[in-house]
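So you can see what is in the structure, the chains are spelled out below.
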There are 2 protein chains.
Amino acid sequence: MIRIGILGYGNLGKGVECAVKQNPDMELAAVFTRRDPAAVKILTQSACVAHADEAPAWKEKIDVMILCGGSATDLPAQTPAFAQLFNVVDSFDTHAKIPEHFAKVDAAAQESGKVAVISAGWDPGMFSLNRMLSGAILPEGRDYTFWGKGVSQGHSDAIRRIPGVKDARQYTIPVDSALEAVRSGSNPELTTRQKHLRDCYVVLEDGADASRVEQAIVTMPNYFADYDTTVHFISEEELKRDHSGIPHGGFVIRTGCTGWEGENKHVIEYSLKLDSNPEFTSSVIVACARAAFRMAQEGQKGCKTVFDIPPAYLSAMSGEELRRLLL
Amino acid sequence: MIRIGILGYGNLGKGVECAVKQNPDMELAAVFTRRDPAAVKILTQSACVAHADEAPAWKEKIDVMILCGGSATDLPAQTPAFAQLFNVVDSFDTHAKIPEHFAKVDAAAQESGKVAVISAGWDPGMFSLNRMLSGAILPEGRDYTFWGKGVSQGHSDAIRRIPGVKDARQYTIPVDSALEAVRSGSNPELTTRQKHLRDCYVVLEDGADASRVEQAIVTMPNYFADYDTTVHFISEEELKRDHSGIPHGGFVIRTGCTGWEGENKHVIEYSLKLDSNPEFTSSVIVACARAAFRMAQEGQKGCKTVFDIPPAYLSAMSGEELRRLLL
């Protein structure tokens, strides 16, 4: 059994707990929290809840520690720190800062002799893997990533900060005609506006001015100004009833050519349609935890990403079973 | 530069030659043939053509030998034999015999200290990898593979063997309603007939009886009897004009659930739409040749499949570039 620890019990931590239950070669040993452990109720009866400060005492009782904090402030500090004690997996998703994060985590894990998998999830994660694989197969080509339909937490938060807004939910939606143009192999140049729409569901405070809120949304720089944005005002009950899920997904498409003169075209498409963004991310993370455990058992160390993991290490099946049943 | 050899110069061998040209870190050293080398004209001016029997003399001049023979009789003998001398890649695609082929190739490559990648291509190959990855991420789920629209060489040949048939081309076509049922997450049980259609374009010999030929096709056991099959009689010119390509493709779809009670559904879909089946297969093989070279340089040996290759080894980019640009 691979003994799993979870640091941080929000949506992602809960998702990891559920994913561990689906994998018979794993067991949840403990959840670590910065809150009062007595106030944190988890689902797994056999697992402990402990304060994050107690984690070092679990060094010999946990095979892989899964870090479920946020990329803005938690993981840049936590992943290097915990990689000094544990094999770890995180879902660091600030794409521009991955090289810097990698360097810091690698230094810590090289020194401790542990394996640290960073940026596990679907983007970064499975989408990255598909961009990489498709590019290696079709070097003369071009890839496109579309996100959605799905809830963007960052954009929902940006709307909630506007005076007069009580609550909000924002969906990112890929534009069908752009998807079709890409699939056709015409290698279109697409602007931000041509690739995605933004659809906003907003609950107003009593007495707020709807048209001022709408203007504030659609003109907001970085978040909405470069997109075709639609704002729907709804009641708090409607928001709760119709928009409480956290769906997401998207498409990675590469088109490219082969042949002596590039005469044949090919389209490789990978897509996800997810009812729960955090639970799917957690499922990828848990498969990466298995790989981290196996790489560590082999004597590997340092920081790894999905690009470095032999795919078979993610699966509970043996090499012989994989070849017989899935190859 | 990675020095590539090609054994066998049919559609696949030509595709490998074209793919090597697209990869700036590789060069084609020589093509080996069982025909008279003087009669084989290749496209790469800088490369040699030699008889297959001369291959052992190239042991120090070739980094990876790509075996482009057929799975029925060529590869079962060639891959173990050449793995005694070279790092090799093949596209062995008789799914049921992969374990046996793996064992023989592994024994040879373990002894010689070479790396042998078998079953590279798209199915087996990229489709296998996607079945494996999706299953590792969503252990509670089910996967479905659909092929087409594409030309099946085996089924086309079966039609050509019917008396009265001059030439023929058979397309395998996935049934749209079955694809939709799978994507819905309803986990349908699908019969052979419900998953794929077979569409046949047939040129008759002068004086042949069309209705007898049609009956012989649609009732042919194993090949057509279990499918809804449509037969179109066309002229030789039409066959040449409209059906000379070798397109193929297909879909690997896994649906699964997450959550404490499996309450959230997810769909992972990978699809290919290929103008040229052999050229796309060749492009995967060439990426695997890069990986074989790198694994051999690291001191690895033995038989490998796509399940064993760290994805980054397939790409010409460095780990640092991959993390910065694609993660």
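Before going into details, it helps to say that this report is about the structure given with it. Remember, it's a predicted structure, so these values are computed and weren't measured experimentally. (Residues numbered from 1 in each chain as written. Chains lettered and ligands numbered in written order. Predicted model: local features only at pLDDT ≥ 70, side-chain atom pairs only at ≥ 80, totals over all residues. Heavy atoms only, no water.)

Take the overall build of chain A next. When you go through chain A residue by residue, the secondary structure sums to eleven helices and 14 strands. Computed over C-alpha atoms, the radius of gyration of chain A comes to 22 Å, within 12% of the 20 Å expected from 2.2 N^0.38 for 327 residues, which places it in the range of a compact globule. Principal-axis analysis of the C-alpha atoms places the extent of chain A at approximately 65 × 60 × 35 Å. Scored against the burial criterion, the 327 residues of chain A give a buried share of 57%. Partitioning the intrachain contacts of chain A with sequence separation of at least 6 by distance along the chain shows that 67% fall at a separation of at least 24. Between the averaged position of the 34 positive side-chain charges in chain A and that of its 42 negative side-chain charges there is a distance of 3 Å. (Helix = DSSP H or I, 4+ residues; strand = E, 2+ residues; numbered from the N terminus. Rg over C-alpha atoms; globule rule 2.2 N^0.38 Å. Buried < 20%, exposed > 50% of the residue type's maximum accessible area, 1.4 Å probe, protein only. Contact = heavy atoms within 4.5 Å. Lys, Arg positive; Asp, Glu negative; His and termini not counted. Charge placed at Lys NZ, Arg CZ, Asp CG, Glu CD.)

Moving on to unusual backbone geometry. Of note, the bond from D123(B) into P124(B) is cis; its omega dihedral lies within 30 degrees of zero at 5 degrees. Locating P124(B) in the fold gives a position in the loop between β6 (115–117) and α4 (126–137). Here the residue pair G148(B) and K149(B) is connected by a cis peptide bond, since its omega of 0 degrees sits within 30 degrees of zero. Checked against the element boundaries, K149(B) lands in the loop between β7 (141–147) and β8 (150–151). The phi dihedral of N222(A) falls on the positive side, at around 65 degrees, and the residue is not glycine. Its place among the elements puts N222(A) in the loop between α8 (210–218) and β11 (228–233).

Before going further, it helps to examine the relation of the copies chain B and chain A. Between chain B and chain A, the superposition needs a rotation of 180 degrees and an axial shift of 0.0 Å, giving an RMSD of 0.0 Å. In symmetry terms, the pair is related by a two-fold rotation axis. A symmetric contact is evident, with 100% of the interface residues of chain B recurring at the interface of chain A. (Least-squares fit on C-alpha atoms with pLDDT ≥ 70 in both.)

I4(A) and I4(B) are the most contacted members of the largest nonpolar core, which totals 160 residues. With residues near it in sequence (within four places) discarded, I4(B) still touches V20(B), M26(B), E27(B), L28(B), A29(B), A30(B), I62(B), V64(B), I66(B) and A289(B). (Core = buried A, V, L, I, M, F, W, Y, C linked by side-chain atoms within 4.5 Å.)

A word on helix α3 (residues 98–112) of chain B. In this model, α3(B) (15 residues) spans 21 Å end to end at C-alpha, consistent with the 21 Å of a helix rising 1.5 Å per residue. For α3(B), the full list of buried residues reads I98(B), H101(B), F102(B), V105(B), D106(B), A108(B) and A109(B). Contacts from the buried residues of α3(B) go to α11 (319–325) of chain A together with α2 (74–82), β6 and β14 (302–304) of chain B. (Expected span 1.5 Å × (residues − 1).)

The next thing to look at is the interface of chain B and chain A. Between chain B and chain A, the residue contacts involve 64 residues of the former and 64 residues of the latter. Here chain B packs against chain A, burying approximately 6,000 Å² in sum over the two surfaces, 64% of which is carbon and sulfur. The largest contributions to the chain B side of the interface with chain A come from Q22(B), W260(B) and L327(B), which together make up 16% of the buried area. The tally of links between chain B and chain A comes to zero salt bridges. The interface formed by chain B and chain A holds 28 residue pairs in polar contact (both at pLDDT 80 or more) in total. Only α1 (11–21), α3, α4, β12 (248–258), β13 (264–274), α10 (277–297) and α11 (319–325) of chain B provide two or more residues apiece to the side of chain B that touches chain A. The leading source of residues in the side of chain B that touches chain A is β13(B), at eleven residues. Of the residues that constitute the side of chain B that touches chain A, the class distribution is 34 nonpolar, 16 polar and 14 charged. Here strand β13 (residues 264–274) of chain A pairs with β13(B) via nine bridges, running antiparallel. The residue bridging H266(A) from the neighbouring strand is L274(B), located in β13(B). (Buried area = accessible area lost by both parts, 1.4 Å probe. Salt bridge = Lys/Arg side-chain N within 4 Å of Asp/Glu carboxyl O. Polar contact = N/O pair within 3.5 Å; in protein donor to acceptor, adjacent residues only side chain to side chain. Nonpolar A, V, L, I, M, F, W, Y, C, P; charged D, E, K, R; others polar. Pairing = 2+ DSSP bridges.)

Attention now goes to the packing of α1(B) against α10(B). Residue and element names in this part refer to chain B. Contact pair α1 / α10: the axes reach a minimum separation of 8 Å and the direction vectors enclose 55 degrees. Overall, the two elements α1 and α10 adopt an arrangement that is oblique. For the pair α1 and α10, the crossing hand works out as right-handed. Judged by residue contacts, N11, L12, G15, V16, A19 and V20 of α1 engage P278, E279, T281, S282, S283, I285 and V286 from α10. For the contact of α1 with α10, the per-class residue count stands at seven nonpolar, five polar and one charged. (Axes fitted to C-alpha atoms, helices over the stretch in contact; angles between N-to-C directions. Parallel < 35°, antiparallel > 145°, perpendicular 65-115°, else oblique. Left-handed = near helix turned anticlockwise from the far one by under 90°.)

All names here are of chain B. Reading across the sheet, the seven strands line up as β3-β2-β1-β4-β5-β6-β14 and stay open at both edges, with parallel pairing between neighbours. One side of each edge strand has no neighbouring strand; the edge strands of this open sheet are β3 (48–51) and β14. Direction aside, the axes of adjacent strands within the sheet are offset by 25 degrees on average. Of the strand pairs in this sheet, strand β2 (residues 26–33) and β3 are connected by four bridges, and their pairing is parallel. For V31, the partnering residue across the bridge sits in β3 and is V49. α3 rests against β6 and β14 of the sheet, and its axis sits at about 135 degrees to β14.

Moving on to the environment of V213(A). Residue and element names in this part refer to chain A. Checked against the element boundaries, V213 lands in helix α8. Taking the C-alpha atoms as reference, V213 lies 7.5 Å from V165; in sequence the two are 48 residues apart. Discounting residues that sit within four places of it in the chain, V213 has contacts with P163, V165, V202, L204 and F233.

Two side chains that carry opposite charge are able to pair once their charged atoms sit near each other. Enumeration over the complete set of coordinates arrives at 28 salt bridges over all chains. The residue D143(B) makes a salt bridge to R254(B) at a minimum N-O spacing of 3.1 Å. One end of the pair, D143(B), is in strand β7; the other, R254(B), is in strand β12, and 111 residues separate them in sequence. Linking R324(B) and E320(B) is a salt bridge whose minimum nitrogen-to-oxygen distance equals 3.1 Å. Taken as a pair, R324(B) and E320(B) lie in helix α11 at a separation of four residues, close to a single helical turn. Residue classification places R324(B) among the partly exposed positions, given a relative accessible area of 46%. The exposure class assigned to E320(B) is partly exposed, which follows from its relative accessible area of 39%. Overlapping salt bridges bring together D157(A), R160(A) and D167(A) as one network.

Further remarks concern the side chain of T281(B). Residue position: T281(B) is located in helix α10. Filtering out sequence-adjacent residues up to four positions away, T281(B) remains in contact with L12(B), S91(B), A120(B), G121(B) and W122(B).

Moving on to the sheet that holds strand β10 (residues 196–204) of chain A. Residues and elements named next belong to chain A. If you walk across this open sheet you meet the four strands as β8-β9-β10-β11, and the pairing is mixed. Edge strands, defined here as strands with exactly one partner in the open sheet, are β8 (150–151) and β11. Across six bridges, β10 lies against β11 in parallel orientation. Paired with R198 across the bridge in β11 is T229. Across the sheet, helix α5 (residues 153–160) is in contact with β8, β9 (165–174) and β10; its angle to β9 comes to roughly 145 degrees. Along the sheet, α8 contacts β9, β10 and β11; its crossing angle with β11, the most-contacted strand, is approximately 150 degrees.

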